[in-house]
Amino acid sequence: RLTMYLALEEYFKHKESILIGREPSCDVVIKDKYVSRKHCKITRQGEKYLLEDLHSTNGTFINGKRINTSTYIDENDELLIGFQTLRIKESVRAHDAAPALETHHLHVQHKNRPLLHPLSIAVQKGEFVAVMGPSGCGKSTFIKSITNFIPSSGEVFIHGLNARKYEKYVFSKIGYVGQQDYFHSELTVWDTIYYAAKIKIPDVSSHHNIRDIIHHVLEKMNLNHPDHLSKKVKFLSGGEKKRLAIAIELLANPAILILDEPTSPLDPETIREFLQYLKKVQEEGTTILMVTHKPEDIHYADKIMFLGKGGYLCYYGSKENVLSYFQKNDYLEVYELLSRPESVNQFRIHKTEVKTKTHSDLSESAFSSSTSVFRQIYYLLWITLRYAQYKWRHGPDFWALVLLQPVLIPVLISFIFEKFQISHLFIMSITVIWFGISNSSREIVDEWPLYFKEKKYGIRPETYYLSKLFILSLLTIVQVVVLVYTTSFLQQEDNIRLFSPLSYIGVLSLNGILSVMMGLLISSLFTSSVKVISITPLILIPQLLLSGVIAPLDSPVKSYLGMLTISRWSTELLCKIQDEHSTLIQSETCLYNPQYDTTFQWMYPCKKLPYCPGAEQVKIKIPKEVKVNYKHINKLKIVSLYQLVSDVEKDTLLVTDEKNDTIPLLSSRKMYKVCNASEQLKMNTSNALYGLIQTDEIAKNIFFQVVLGLLLAFFTIKQLNVMRG
């Protein structure tokens, strides 16, 4: 049996296949905790070599790409197993012997202002390093630059692997807990860590194995009591939330655990208990890097890293030599010293000696390829289930508000408007837009730290976006159903009413989905909920003004801007559907034309159309403004009551009464010759919307809405791609 330091081709002189793993019985033994007991097997087949991954936990990679099936390799391919790299003709390169963390001239700038000046350090495996310094010295900037949460320059190596080149692989081996812990507060402790396990360790397929891993980390953090497991996260104390955050990071057995001021919100007793848990984690071989500003935390660390005002490295070494190095009696004096720029210039370290870096020579593109479609479907399933359960677990107050809104709004509308009219259609459309935007506009901005961290695990922005869109659209559609049937119930005694509730549900559901997309776009553009709330009215007001109902879209600019609003399309489509089910012959009421009647009132009575054979002569009250503006406007010779006219001004169907007043009834692109009372005349309500209608077919309307939805999705996903921590 060969040792791990010999070239693999030497072994193939004696055997046709070799077994690589952590178990002593393997042909090539690699003592790395990220290598499974029996990790992979290589079989020689003539001049080729067949590599087979044996269902390892952390995977086998060829030239940066994880293999899922048996794959042929050649002598030039590089294998990555754990933190070890090897080739057929080369011995195993043990990166595990390299420093756990190594930085070379790492520095950060923002708008040409340096936040962190170049520093180079090496942290050995299993060390506990406390990062300290006065406020604004770059402590959090330093650890965020290590994990690539913020853009930085310089090089970072994790166990010899370049963290920039192998970001996805390396980050999966780093546990990061920020200053603010974000959890789905309505989930229980068990649900929270279970869904996290499904995302962080997706290759552990066995349900029992996942439960064992979860119980192990919960026990380590003293959260395994049944009372803890069934408690909602929002009811945990500050210390318990920190321990839960660390337990989630320990699921993937990280090589390095990075903590940003974890003891800040904790009381002294909880701090001591918390740090004792961290020491247990360190004893198992995990390297810990912890930002702190509390001198008492130093007693648990092995090394201290002090940063000075302006982002300069002023000390890195053992904790025993800190005070003598700065010639101070206590740490408070050190803090005061490093808060002064002149003192920082005196103590700053211009160059730090580190061990020679060891890293693989894989190409820059290694590990840059996206995860497979099947893996994204897997992620989509679990983050959607998690989000659905989070929404479902909201209290009765939340669901009462969700379901009462679509009931109370129709009641208010019916109180204001005695008869069903186009105002109902318009207000229903605006209401659903409000539902969609209010449901979704805070859903990304409120959890962007969680999104950015899970993005590092391989969840693509499209996957995250679809999980939000699916659940929020479903929630909005429930509100649409309640809204439509409540409106239908309240108007059921009118002859002209909401004729097709199911069609309305379809139209308004599409309206609601587009509104959810709009809300998600808003949520992705801002960094705080306060900004989102402030901008929401500026999004809703154009939906009112550019719909074509309140004011005419009488210029090309207005018309094109209107095409970008959701209300413009949904109101038009609702009118078209209403037209398909409306018949005016022998109706008790007739529809009005808002193009001429800006008061949005009905005209009564209209039991039958006037002057048709057998029709009862009735007087239709003409609004004063209509009579003034349109009396004798067009002196066409009326041959019969209705005739096909292609050049009538403003698409107006002219009807003359005994006083020769012109009555502008609803217009129609198709006018029917009707002199038989038994024939039905369908009036085209949608043409009455100030000439708004650009499409005669419902399919075209839906097509434009789909295009609008794709644009909203595109810009949201693009924004999610560039979001950083």
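Because the structure is a prediction, the values reported are computed rather than measured.

About the thresholds
- Numbering of residues begins from 1 in every chain and follows the order in which that chain's sequence is written.
- Residue-level local features of this predicted model are given only where pLDDT is at least 70; pairs of side-chain atoms are given and counted only at 80 or more, and the full residue set underlies all totals for whole chains, interfaces and linings.
- In computing side-chain properties, one takes all heavy atoms of the structure into account and sets aside hydrogens as well as water.
- At least two bridges found by DSSP between two strands is the condition for calling them paired.
- Here a strand is any run of E in DSSP of at least two residues, a helix any run of H or I of at least four, and the numbering for each starts at the N terminus.
- Note on geometry: axes are lines fitted to C-alpha atoms, helical ones only across the stretch in contact, with angles between N-to-C directions running from 0 to 180 degrees.
- One less than the number of residues in a helix, times 1.5 Å, gives the span that helix is expected to have.
- Exposure categories follow from relative accessible area, calculated using a 1.4 Å probe and restricted to protein chains: below 20% of the type maximum is buried, above 50% is exposed, and the middle band is partly exposed.
- Stacked, tilted and edge-to-face are the three classes applied to pairs of Phe, Tyr and Trp rings, where Trp contributes its six-membered ring and a pair requires centres within 6.5 Å; stacked means planes under 30 degrees apart, edge-to-face means over 60, and tilted covers the rest.
- Look at NZ for Lys and CZ for Arg. If either is within 6 Å of the ring centre and within 35 degrees of the ring normal, a charge sits over the ring.
- The working definition used for a salt bridge is a side-chain nitrogen of Lys or Arg within 4 Å of a carboxyl oxygen of Asp or Glu.
- Every residue is assigned a pLDDT by the predictor, reflecting its confidence on a scale from 0 to 100.
- Throughout, a residue-residue contact means that at least one pair of heavy atoms, one from each residue, lies within 4.5 Å.
- Excluding any residue in a salt bridge, patches collect residues exceeding 30% relative accessible area, merging like charges within 9 Å and nonpolar Val, Leu, Ile, Met, Phe, Trp and Tyr side chains within 5 Å.
- Only the protein chains shown count as cover for residues, and all accessible areas are computed by the Shrake-Rupley method using a 1.4 Å probe.
- Grouping buried Ala, Val, Leu, Ile, Met, Phe, Trp, Tyr and Cys residues that are joined through side-chain atoms within 4.5 Å yields what is termed a nonpolar core.
- Orienting the strands away from the viewer, one traces the path from the first strand over the helix to the second; a clockwise path indicates a right-handed crossover.

1. A word on the sheet that holds strand S18 (residues 256-260)
Item 1. Spatial strand order, S17-S18-S19-S14-S20-S21: six strands in an open sheet with mixed pairing. Since the sheet does not close on itself, it has two edges, and those belong to strand S17 (174-177) and strand S21 (312-318), each with one partner. Taking the axes of each pair of neighbouring strands and ignoring which way they run, one obtains an average angle of 15° across the sheet.
Item 2. With six bridges connecting them, strand S20 (residues 303-308) and S21 associate as antiparallel partners. Following the sheet pairing, Ile-304 is matched in S21 by Gly-317.

2. Structural notes on the sheet that holds strand S3 (residues 40-45)
Item 1. The five strands lie next to each other as S2-S1-S3-S4-S7, forming an open sheet whose pairing is mixed. Pairing within the sheet leaves two strands with one partner each, and these edge strands are strand S2 (28-29) and strand S7 (71-73).
Item 2. Summarising the sheet, strand S1 (residues 17-21) and S2 pair through two bridges and their orientation is parallel. Its bridge partner lying in S2, Ile-20 is registered against Val-28.

3. Here we look at helix H17 (residues 501-525)
Item 1. Between its first and last C-alpha atoms H17 spans 36 Å; for 25 residues at 1.5 Å apiece the expected length is 36 Å, and the two agree.
Item 2. The buried count for H17 comes to 19 of 25 residues, which makes it a mostly enclosed element.

4. A closer look at the packing of aromatic side chains
Within a pair of aromatic rings, the relevant descriptors are the distance that separates the centres and the angle that separates the planes.
Item 1. Throughout the structure, instances matching the rule amount to 25 aromatic pairs.
Item 2. Note on Tyr-315 and Tyr-325: the rings are 5.0 Å apart at their centroids and 55° apart in plane angle, and the pair reads as tilted. With Tyr-315 in strand S21 and Tyr-325 in helix H9 (residues 322-326), this residue pair connects regions lying ten residues apart in the sequence.
Item 3. Assessed through its relative accessible area of 6%, Tyr-315 is described here as buried.
Item 4. Note on Tyr-325: relative accessible area 35%, which makes it partly exposed.
Item 5. Ring centres of Tyr-451 and Tyr-464 lie 4.6 Å apart, and the angle between their planes is 40°; this geometry places the pair in the tilted category. In this pair, Tyr-451 sits in helix H15 (residues 448-456) while Tyr-464 sits in helix H16 (residues 461-490), placing the two residues 13 residues apart along the sequence. Of the two residues examined, Tyr-451 and Tyr-464, each falls in the buried class.
Item 6. Above the plane of the ring of Tyr-72 lies Lys-48, whose end atom (NZ or CZ) is 5.4 Å from the centre.

5. What about the pattern of salt bridges?
Item 1. All chains considered together, the criterion is met by 15 salt bridges.
Item 2. Where Lys-220 meets Glu-284, a salt bridge forms, and the shortest distance between an N and an O atom there is 2.6 Å. Here Glu-284 lies in the loop between helix H8 (268-283) and strand S19 (287-291) and Lys-220 lies in helix H5 (residues 207-220), a separation of 64 residues in the sequence.
Item 3. Exposure remark for Lys-220: the relative accessible area of 14% places this residue in the buried category.
Item 4. One network of salt bridges, in which partners are shared, links Glu-186, Lys-232 and Lys-234.

6. What about the confidence of the model for the protein chain?
Item 1. Confidence in the prediction of the protein chain, expressed as mean pLDDT, is 76, and 76% of residues score 70 or more.
Item 2. When pLDDT is averaged over each element of the protein chain, S19 comes out on top at 94 and helix H21 (residues 624-630) at the bottom at 34.

7. Notes on the environment of Ile-539
Item 1. Looking at the secondary structure, you find Ile-539 in helix H18 (residues 529-545).
Item 2. Accessibility expressed as a relative area gives 21% for Ile-539, which makes it partly exposed.
Item 3. Separated by 21 residues in sequence, Ile-539 and Met-518 have C-alpha atoms that sit 8.9 Å apart.
Item 4. For Ile-539, the contacting residues outside a window of four places in its chain are Ile-437, Met-518 and Ile-522.

8. Observations regarding the side chain of Thr-384
Item 1. By the secondary structure assignment, Thr-384 is in helix H12 (residues 373-392).
Item 2. Residue Thr-384 is classed as buried on the basis of its relative accessible area, which comes to 12%.
Item 3. Ignoring sequence-local partners within four residues, the contact set of Thr-384 consists of Ser-467, Phe-470 and Ile-471.

9. So, unusual backbone geometry
Item 1. A positive phi angle, close to 60°, is found at Asn-222, a residue other than glycine.
Item 2. Following the sequence through the fold, Asn-222 ends up in the loop between H5 and helix H6 (226-229).
Item 3. Even without a glycine there, the phi angle at Asn-253 is positive, about 55°.
Item 4. With respect to the element layout, Asn-253 can be found in the loop between helix H7 (238-250) and S18.
Item 5. Owing to a relative accessible area of 35%, Asn-253 belongs among the partly exposed residues under this scheme.

10. Focus on a nonpolar patch on the surface
Item 1. Together, Phe-703, Val-707, Leu-711, Phe-714 and Phe-715 line one region of the surface with nonpolar side chains, adding up to about 480 Å² of accessible area.
Item 2. Its place among the elements puts Val-707 in helix H22 (residues 698-722).
Item 3. The partly exposed category is assigned to Val-707, whose relative accessible area is 32%.

11. A look at the nonpolar core
Item 1. Ranked by internal contacts, the top residues of the largest apolar core, which has 135 residues, are Phe-142, Leu-278, Leu-289, Met-305, Phe-306 and Phe-326.
Item 2. In terms of residue count, the dominant contributor to this core is helix H4 (residues 189-200) (eight residues).
Item 3. Every residue in contact with Leu-278, bar those within four places of it in the chain, is listed here: Phe-128, Ile-246, Leu-257, Leu-259, Ile-288 and Met-290.
Item 4. Residues Leu-8, Val-28, Ile-73 and Ile-88 belong to the second largest nonpolar core, which totals 19 residues.

12. With respect to the pairing of strand S12 (residues 113-119)
Item 1. Across four bridges, the pairing between strand S11 (residues 101-110) and S12 is antiparallel. Its bridge partner being in S12, His-110 is matched across the sheet by Arg-113.
Item 2. Connecting S11 to the next strand, S12, in antiparallel fashion are two residues, including Lys-111 with a positive phi near 55°.

13. Some remarks on the side chain of Asn-162
Item 1. By secondary structure assignment, the location of Asn-162 is in strand S16 (residues 161-162).
Item 2. Of the residues examined, Asn-162 reaches a relative accessible area of 7% and is grouped as buried.
Item 3. Among all residues touching Asn-162, those that are not within four sequence positions of it are Glu-155, Val-156, Phe-157 and Val-170.

14. Here's the deal with helix H14 (residues 422-440)
It helps to recall that an α-helix has 3.6 residues per turn; residues three or four apart then point in one direction.
Item 1. With 19 residues, H14 extends 28 Å from end C-alpha to end C-alpha; this agrees with the ideal 27 Å at 1.5 Å per step.
Item 2. The buried fraction of H14 is high, at 16 of 19 residues.

15. Points about the pairing of S18
Successive residues of a regular strand alternate their side chains across the two faces of the sheet.
Item 1. Of all the five residues making up S18, five are buried; the element is thus mostly covered by neighbouring parts of the structure.
Item 2. Of the two faces of S18, the one lined by Ile-256, Ile-258 and Asp-260 and the one lined by Leu-257 and Leu-259 are each fully buried.
Item 3. Alignment of S17 against S18, held across four bridges, turns out to be parallel. When the bridges of S18 are listed, Ile-174 appears paired with Ile-256.
Item 4. Relative to S19, S18 runs parallel, the two sharing five bridges. The residue of S19 that forms the bridge with Leu-259 is Met-290.
Item 5. Between the parallel pair S18 and S19, the chain is carried across by H8, and the sense of this crossover is right-handed.

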